[in-house]
Amino acid sequence: MSASINANLRHDWNLAEVKALFTQPFNDLLFQAQTVHRAHFDANRVQVSTLLSIKTGACPEDCKYCPQSGHYNTGLEKEKLMQVQQVLEEAARAKAIGSTRFCMGAAWKHPSAKDMPYVLEMVKGVKAMGLETCMTLGKLDQDQTQALAAAGLDYYNHNLDTSPDFYTSIITTRTYSDRLQTLAYVRDSGMKICSGGILGMGESLDDRANLLIQLANLPEHPESVPINMLVKVAGTPLENAEDIDPFDFIRMLAVARILMPQSHVRLSAGREAMNDQMQALAFFAGANSIFYGDKLLTTANPQSDKDMQLFSRLGIQPEAREEHSDEVHQAAIEQALIEQKSSELFYDAAV
């Protein structure tokens, strides 16, 4: 990327400017977002990731949207940390269906010392397959962040969820400054940041604008910005939240694209409830990343073949990353599995 293009990236957005983007006529906003998008990306390429829950349920956090919180009775079965080999087998399947990034999520407030060795082996094994690696494990300290970076983790996901002002209405067990500190550790370690938020939790337009301002005004923009539409789960405090207007959701994607021109803007949770027309508008608004597969941690996601059918109808291709030959990848997969089977780290980390 040229120095002149980088010099045009802004980190000083204010509320009045961002609200003006949100409130302009819909067609004008989409035209502006599409123009920015085409200046930085191939408009007909979408990055494809797969997300796996490596440890499910019993989280001590009280996020009001989350079925994995131990504070709510949602009927979700609690599961121990997955074995390393199981994770690698899922990663191999994800690669086989076309994913280029494999994201692993654990329902923790923060990783424990006893679990970290297994997590690091997961990163190393997935990396050996030629996939980009991403994890979301909750709050990190500096040593944990450095260890993940040394293992080869490419991206760390840590969403801000909403604006600083609305945040305490949704979460009380972790502070906004905690989240920003984790992002700072991730950036300092050399890893890439994946951070976004959720719409439909009762937030105002100011809250949506201020969330994007928090992200866009970081010293470096997150490389990946997931925009989620609330998936309402029975048993959570937000199970009866009012539906978000689809056009308001598209506006959020478009403004994110304008504020963070070089970031991948991910059309994330909530796609199961979106029709093909809404998803097509999302791509036109500048979304150029999706999660691919049957589930997002614990909630439904469109079937991968359905995604590919939509891509075909729209003339969209999955975004490629630098690849080696299939033979090299197959050898790496087989070698990683052999190493894990012979390692003490193969055993269930929760035992």
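Everything quoted here is computed from the prediction, not taken from an experiment.

Rules of the game
Residues numbered from 1 in each chain as written. Predicted model: local features only at pLDDT ≥ 70, side-chain atom pairs only at ≥ 80, totals over all residues. Heavy atoms only, no water. Helix = DSSP H or I, 4+ residues; strand = E, 2+ residues; numbered from the N terminus. Buried < 20%, exposed > 50% of the residue type's maximum accessible area, 1.4 Å probe, protein only. Contact = heavy atoms within 4.5 Å. Areas by Shrake-Rupley, 256 points an atom, 1.4 Å probe, with all protein chains shown as cover. Phe/Tyr/Trp six-rings, centres within 6.5 Å; stacked < 30°, edge-to-face > 60°. Axes fitted to C-alpha atoms, helices over the stretch in contact; angles between N-to-C directions. Parallel < 35°, antiparallel > 145°, perpendicular 65-115°, else oblique. Left-handed = near helix turned anticlockwise from the far one by under 90°. Nonpolar A, V, L, I, M, F, W, Y, C, P; charged D, E, K, R; others polar. UniProt positions renumbered as here; feature names shortened; annotations may be inferred. Core = buried A, V, L, I, M, F, W, Y, C linked by side-chain atoms within 4.5 Å. Salt bridge = Lys/Arg side-chain N within 4 Å of Asp/Glu carboxyl O. Expected span 1.5 Å × (residues − 1). Arc of directions from axis to C-beta. Pairing = 2+ DSSP bridges. Right-handed = clockwise from strand over helix to strand, strands pointing away.

**Student:** What is the right way to look at the overall build of the chain in this model?
**Tutor:** The helix and strand tally for the chain stands at 13 helices and twelve strands. Burial status across the chain gives 56% buried among its 351 residues. Considering only contacts within the chain whose residues lie at least 6 apart along the sequence, 76% involve residues at least 24 apart. Here the chain displays about 15100 Å² of accessible surface, and carbon together with sulfur accounts for 50% of that area.

**Student:** Explanation requested: the packing of aromatic side chains in the structure shown.
**Tutor:** The geometry of two aromatic rings is summed up by the distance between their centres and the angle between their planes. Counted under the stated rule, the structure contains three aromatic pairs. Between F26 and F247, the aromatic rings sit 5.2 Å apart at their centres with planes inclined by 70°, giving edge-to-face as the arrangement. Of the two residues, F26 is situated in helix α3 (residues 26–40) and F247 in helix α10 (residues 246–259); the sequence distance between them amounts to 221 residues. Its relative accessible area of 17% is what places F26 among the buried residues.

**Student:** Explain unusual backbone geometry to me, please; I cannot follow it from the model alone.
**Tutor:** Trans is the common state for peptide bonds, and a negative phi is the common state for residues other than glycine. Of note, D161 is a non-glycine position whose phi angle comes to about 75°, a positive value. With respect to the helices, strands and loops of the structure, D161 is situated in the loop between β4 (155–157) and α7 (164–167). Among the residues examined, D161 registers a relative accessible area of 2% and is labelled buried.

**Student:** Even after reading the chapter, I still don't get the packing of helix α6 (residues 142–151) against helix α8 (residues 176–189), so can you show me in this structure?
**Tutor:** A pair of packed helices is characterised by two quantities: the angle between their axes and the separation of those axes. The contact between α6 and α8 brings their axes to 9 Å, and the two run at 40°. Taken as axis vectors, α6 and α8 run oblique relative to one another. The handedness of the crossing between α6 and α8 is right-handed. Between α6, through Q142, T145, Q146 and A149, and α8, the contact on the second element is made entirely by Y185, V186 and S189. Its residues assigned to classes, the contact of α6 with α8 shows three nonpolar, four polar and no charged.

**Student:** I tried to follow the UniProt feature "binding site: [4Fe-4S] cluster" (unreviewed entry) in the chain on my own but got confused; where do I start?
**Tutor:** Residues given the UniProt feature "binding site: [4Fe-4S] cluster" (unreviewed entry) here are C59, C63 and C66. One can find C63 in the loop between β1 (45–55) and α4 (84–96). Secondary-structure assignment places C66 in the loop between β1 and α4.

**Student:** Teacher, can you tell me more about the nonpolar core here?
**Tutor:** A general tendency of soluble globular proteins is for nonpolar side chains to be buried together. In this structure, I54, Y65, M135, L148, F249, L253 and L259 are the most contacted members of the largest nonpolar core, which totals 93 residues. With nine residues, the top contributor of residues to this core is α10. Among residues more than four places away in sequence, those in contact with Y65 are D161, I170, I171, I198, M201, L230, V231, T236 and L238. One finds L51, C134, C194 and F291 within the second-largest nonpolar core, a separate group that totals six residues.

**Student:** Looking at this model, I keep getting lost on the pattern of salt bridges. Mind explaining?
**Tutor:** Opposite charge on two side chains allows them to pair when their charged atoms are near. As enumerated under the stated definition, the model contains 17 salt bridges in all. Two residues, R187 and E223, come together in a salt bridge whose shortest N-O distance is 2.8 Å. With a gap of 36 residues between them, R187 in helix α8 and E223 in the loop between α9 (205–216) and β7 (224–229) connect regions that are remote in the sequence. Relative accessible area serves as the criterion here: at 17%, R187 is assigned to the buried category. In this structure E223 comes out as partly exposed when scored by relative accessible area, which is 22%. Several salt bridges share partner residues, and in doing so they unite R10, D12 and E17 into one network.

**Student:** Explanation requested: helix α5 (residues 116–128) in the structure shown.
**Tutor:** Each turn of an α-helix holds 3.6 residues, which means side chains three or four residues apart point in the same direction. For α5, with 13 residues, the first-to-last C-alpha span of 19 Å sits near the 18 Å given by 1.5 Å per residue. Those residues of α5 that sit buried are M116, Y118, V119, L120, E121, M122, V123, G125 and V126. Backbone geometry just downstream of α5 places G130 in the positive-phi region, at approximately 90°.

**Student:** How should I be thinking about α8 in this particular structure?
**Tutor:** Between its first and last C-alpha, α8 extends 20 Å over 14 residues, near the 20 Å set by a 1.5 Å rise per residue. Along α8, the residues that are buried comprise Y176, R179, T182, L183, V186, R187 and S189. Looking down the long axis of α8, one finds its buried residues gathered within 165° of arc, a one-sided arrangement. Against the buried residues of α8 lie α6, β4, α7, β5 (192–194) and α9. Just downstream of α8, G190 is the residue with a positive phi angle, here 95°.

**Student:** What exactly am I supposed to notice about the environment of P219 here?
**Tutor:** Looking at the secondary structure, you find P219 in the loop between α9 and β7. Since its relative accessible area comes to 74%, P219 is described here as exposed. A sequence separation of 207 residues divides P219 from D12, and the C-alpha atoms of the two residues are 9.8 Å apart.

**Student:** How do you make sense of the pairing of strand β2 (residues 101–106) when you look at a structure like this?
**Tutor:** Two faces, one strand: in a regular strand the side chains alternate between the faces of the sheet. Counting buried positions over the six residues of β2 gives six, a clear majority of the element. Covered by surrounding structure in β2 are R101, C103 and G105 together with F102, M104 and A106, the residues of both alternating faces. Alignment of β2 against strand β3 (residues 132–136), held across five bridges, turns out to be parallel. Within the sheet, the bridge partner assigned to C103 lies in β3 and is C134. Tracing the backbone out of β2, into α5 and back to the parallel element β3 gives a crossover that is right-handed.

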